[in-house]
Amino acid sequence: MTPKASVFIATSLDGYIARPDGNIDWLNEANDLVPEGEDCGYAAFMATIDALVMGRNTFDKVLSFGMWPYGDTPVYVLSSRPLDKPAHVPDTVDHLSGSPAALMQQFASKGLNHLYIDGGATVQQFLRAGLLDEIILTLIPVVLGSGISLFGELPADVHLECLDVKQFDFGFVQLKYAVRKL
């Protein structure tokens, strides 16, 4: 059975996950508005996943944070280049490469049921391959005008079914969609 693949990510109102140079200063500024103890459902979401799948650029960005934010959650970093792991990165981080379909077969053979797909290029690859099941998107009230698009160009329309909308007092809006399989 193919694992469920979910995205949990934030974008600017105009759909960017980072500035053109990869900077997420705008997201860090927005997070300063979030009251202490509020995580917009992130911990509850993380409790449902078996593993996190991210691209190399996302992995490198996470390493710039200093501390490893995922604890012992299995993390698969997709890259064609060898992976150098600093000492603070746990052994639960592994390196893989291959097409999204081949990777999903590997994840299924490992008995994984729910994957968190993260990072712009990785989300785009899984979306283009028709392998995403759910998108949880938190809109941050800022317009960047340019940057790294979450979805990028697609070969065809992707139809979604809205499952939930949450508005937070500090200006964020969270949209939860099922990806419709046509």
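Criteria and cut-off values
- Residues numbered from 1 in each chain as written.
- Predicted model: local features only at pLDDT ≥ 70, side-chain atom pairs only at ≥ 80, totals over all residues.
- Heavy atoms only, no water.
- Pairing = 2+ DSSP bridges.
- Helix = DSSP H or I, 4+ residues; strand = E, 2+ residues; numbered from the N terminus.
- Axes fitted to C-alpha atoms, helices over the stretch in contact; angles between N-to-C directions.
- Contact = heavy atoms within 4.5 Å.
- Buried < 20%, exposed > 50% of the residue type's maximum accessible area, 1.4 Å probe, protein only.
- Phe/Tyr/Trp six-rings, centres within 6.5 Å; stacked < 30°, edge-to-face > 60°.

Caption draft 1: Spatial organisation of the sheet that holds strand 3 (residues 51-55). Here eight strands make up an open sheet; going across it, the order is 5-4-3-6-1-7-10-9 and the pairing mixed. Here the strands that pair on one side only, and so sit at the sheet edges, are strand 5 (93-96) and strand 9 (160-167). Pairwise comparison of adjacent strand axes, ignoring direction, gives a mean angle of 20° for this sheet. In the sheet, strand 1 (residues 4-12) pairs with strand 7 (residues 134-140) via seven bridges, with the strands oriented parallel. Counterpart to isoleucine 9 in the pairing with strand 7 is leucine 137. Lying on the sheet, helix 4 (residues 100-109) is in contact with strand 1, strand 3, strand 4 (75-78), strand 5 and strand 6 (114-118); it crosses strand 5 at an angle near 140°.

Caption draft 2: Broad picture of the environment of glutamate 161. Note that glutamate 161 resides in strand 9. Residue classification places glutamate 161 among the partly exposed residues on the basis of a relative accessible area of 43%. In sequence terms glutamate 161 and valine 77 are 84 residues apart; their C-alpha atoms lie 29 Å from each other. Excluding anything up to four places from it in sequence, glutamate 161 contacts Lys176, Tyr177, Ala178 and Arg180.

Caption draft 3: Inspection of the environment of phenylalanine 168 at higher detail. In this fold, phenylalanine 168 is placed in the loop between strand 9 and strand 10 (173-179). Along the primary structure phenylalanine 168 and arginine 56 are separated by 112 residues, whereas in three dimensions their C-alpha atoms are 31 Å apart. Once residues lying within four places of it in the same chain are set aside, the contact partners of phenylalanine 168 are Glu38, Cys40 and Gln174.

Caption draft 4: How the structure looks around the packing of aromatic side chains. Inspection of every chain in the model, using the stated rule, returns nine aromatic pairs. Ring centres of phenylalanine 8 and tyrosine 42 lie 5.6 Å apart, and the angle between their planes is 70°; on these two criteria the pair is classed as edge-to-face. Highlighted residues: phenylalanine 8 in strand 1 and tyrosine 42 in helix 2 (residues 42-46), separated in sequence by 34 residues. The exposure class of phenylalanine 8 is buried, given its relative accessible area of 10%. Judged by its relative accessible area of 27%, tyrosine 42 falls in the partly exposed class. With centroids separated by 4.8 Å and ring planes inclined at 75°, the aromatic side chains of phenylalanine 170 and phenylalanine 172 adopt a geometry described as edge-to-face. Classification of phenylalanine 170 by relative accessible area gives buried; the value is 15%.

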